[in-house]
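Here is how the chains run, residue by residue.
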Amino acid sequence: MTLFSVDENRCKGEGICVDECPARNIVINESTGLPEPIPGAEEFCINCGHCVVVCPHGAISHRSMSPDECPPVIKELTFNPEHVEHLLRARRSIRTYKKKHVEKEKIERLIHIARYAPSGHNLQPVRWLVIYDSDRVSHLASIVMDWMRELIKQKNPLAILLHMDRLVERWESGNDPICRGAPHVIVTHAQADERTAQPACTIALTYLDLTAPSFGLGTCWAGYFHAASNIWPPMQDALNLPDGHACFGAMMIGYPKYTYHRLPKRNTPQITWI
Ligand SMILES: Cc1cc2nc3c(=O)[nH]c(=O)nc-3n(C[C@H](O)[C@H](O)[C@H](O)COP(=O)(O)O)c2cc1C
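Read on for an overview of the structure. The shown structure was predicted, so the numbers you read here are calculated from the model rather than taken from an experiment.

## Looking at the packing of helix 6 (residues 134–153) against helix 8 (residues 164–172)
Inference 1: Axis separation between helix 6 and helix 8 bottoms out at 10 Å; the angle between their running directions is 140°. Comparing their axes, helix 8 and helix 6 come out oblique. Considering only the axes of helix 6 and helix 8, their crossing is left-handed. Residues M145, M148, R149, L151 and I152 of helix 6 pack against M164, D165, L167, V168 and W171 of helix 8.
Inference 2: Among the residues making up the contact of helix 6 with helix 8, the classes are represented as eight nonpolar, no polar and two charged.

## Overview of the environment of V168
Inference 1: Along the chain, the position of V168 falls in helix 8.
Inference 2: Taking the C-beta count within 10 Å as the criterion, V168 has 18 such neighbours and is therefore assigned partly exposed.
Inference 3: With 24 residues separating them along the chain, V168 and V144 place their C-alpha atoms 9.9 Å apart.

## Regarding the site of the ligand
Inference 1: For the ligand, the full set of nearby residues is R92, S93, R95, C220, W221, A222, G223 and Y224.
Inference 2: At the level of secondary structure, the elements contributing two or more residues to the shell around the ligand comprise strand 7 (218–221) and helix 10 (223–229).
Inference 3: Residue composition of the shell around the ligand, grouped by class: four nonpolar, two polar and two charged.

## Some details on the sheet that holds strand 8 (residues 245–254)
Inference 1: Strand order in the open sheet formed by four strands is 5-6-8-7, with antiparallel pairing between adjacent strands. Two strands close off the open sheet at either side, each with one partner strand: strand 5 (127–131) and strand 7. With direction set aside, neighbouring strand axes in the sheet form an average angle of 30°.
Inference 2: As paired elements, strand 6 (residues 184–191) and strand 8 share eight bridges and run antiparallel to each other. Note on strand 8: the bridge partner recorded for H184 is I253.

## Section: unusual backbone geometry
Inference 1: Positive phi is not limited to glycine here, since R24 has a value of about 50°.
Inference 2: Topologically, R24 is positioned in the loop between helix 1 (16–20) and strand 2 (26–28).
Inference 3: When the 12 C-beta atoms within 10 Å are taken as the criterion, R24 is described as exposed.
Inference 4: Positive phi, normally seen in glycine, also occurs at R180, with a value near 55°.
Inference 5: By secondary structure assignment, the location of R180 is in the loop between helix 8 and strand 6.
Inference 6: Residue class for R180 comes out partly exposed when judged on the 19 C-beta atoms lying within 10 Å of it.

## Observations regarding the nonpolar core
Inference 1: Within the largest apolar cluster, 47 residues are counted, with the highest numbers of intra-cluster contacts made by V144, C179, V185, A222, F225 and M251.
Inference 2: Those elements that place two or more of their residues in this core are helix 5 (104–114), helix 6, helix 8, strand 6, helix 9 (197–211), helix 10, helix 11 (233–239) and strand 8.
Inference 3: Those residues in contact with V144 that sit more than four places away from it in its chain are I178, Y224, F225, A228 and M235.
Inference 4: With 10 residues, the next largest nonpolar core counts C21, I26, C51 and V52 among its residues.

The rules behind each value
Residues numbered from 1 in each chain as written. Predicted model: local features only at pLDDT ≥ 70, side-chain atom pairs only at ≥ 80, totals over all residues. Axes fitted to C-alpha atoms, helices over the stretch in contact; angles between N-to-C directions. Helix = DSSP H or I, 4+ residues; strand = E, 2+ residues; numbered from the N terminus. Parallel < 35°, antiparallel > 145°, perpendicular 65-115°, else oblique. Left-handed = near helix turned anticlockwise from the far one by under 90°. Contact = placed C-beta atoms within 7 Å. Nonpolar A, V, L, I, M, F, W, Y, C, P; charged D, E, K, R; others polar. Buried ≥ 20, exposed ≤ 12 C-beta atoms within 10 Å, placed from the backbone. Near = placed C-beta within 6 Å. Pairing = 2+ DSSP bridges. Core = buried A, V, L, I, M, F, W, Y, C linked by C-beta atoms within 7 Å.

By themselves, these figures tell us nothing about what the structure is for.
Next up, the structure:
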């Protein structure tokens, strides 16, 4: 199949696809009045499918997706600004979890939603590692603690800055300050040298974070876990990511033990207008 095909009976030659193609890959053929790819379009196409989904007539079929594979936007399901503001302000980092596993299907469904996060050039570099086994989560947390003990021993400035001695004390008194007793941790990873990987993984985990409460789930970014995962060899061994991959984010997930009742204050944004 060529890069895309146009249904002549449906296309009205309005040129919406021409305007919206991010790679400026489409032109209107003056004699037929129909869109067609520019020479060499394959090289520039990022397979985003915008040409397919922006067409109000379902006239374009891209090699990577046909209109039939792209469900319609449901206007009744879109939120107003108050809904969105409330969703974002009511999301919380959860640090106390029920001793209950999350159904694998739920985690899978969440990841299937989070994968719609944007990525540079639509490269979709994010890969997911679900540490489902709770004992393994605890074991990984213990490895992060070993890393912290080592940094404390070396008098590393990071250990002082992050009060790692307090974290070690908490661990030793039976509380887990790394994974907070969450039953599972979700890691995003990608090729270490992929330029777009860090923002793509961060945004994908943010999507997951925002979606989780609608499933009754709580999440919390696992920053210490993430920090250790690319620099502490025992952690790298335990995670065993594919060759050339790095961890670009980690998130605890589970059923929250408590409910939040109010929206906390945050700093006023500092905005510069030019
Ligand atoms: C990159 C990043 C790393 C974080 N790492 C941790 C962590 O390791 N442990 C933890 O308890 N919270 C962690 N947090 C949660 C923050 O402390 C939390 O977002 C902040 O206190 C605001 O609270 P809220 O998320 O409920 O609004 C992290 C947040 C971010 C964005």
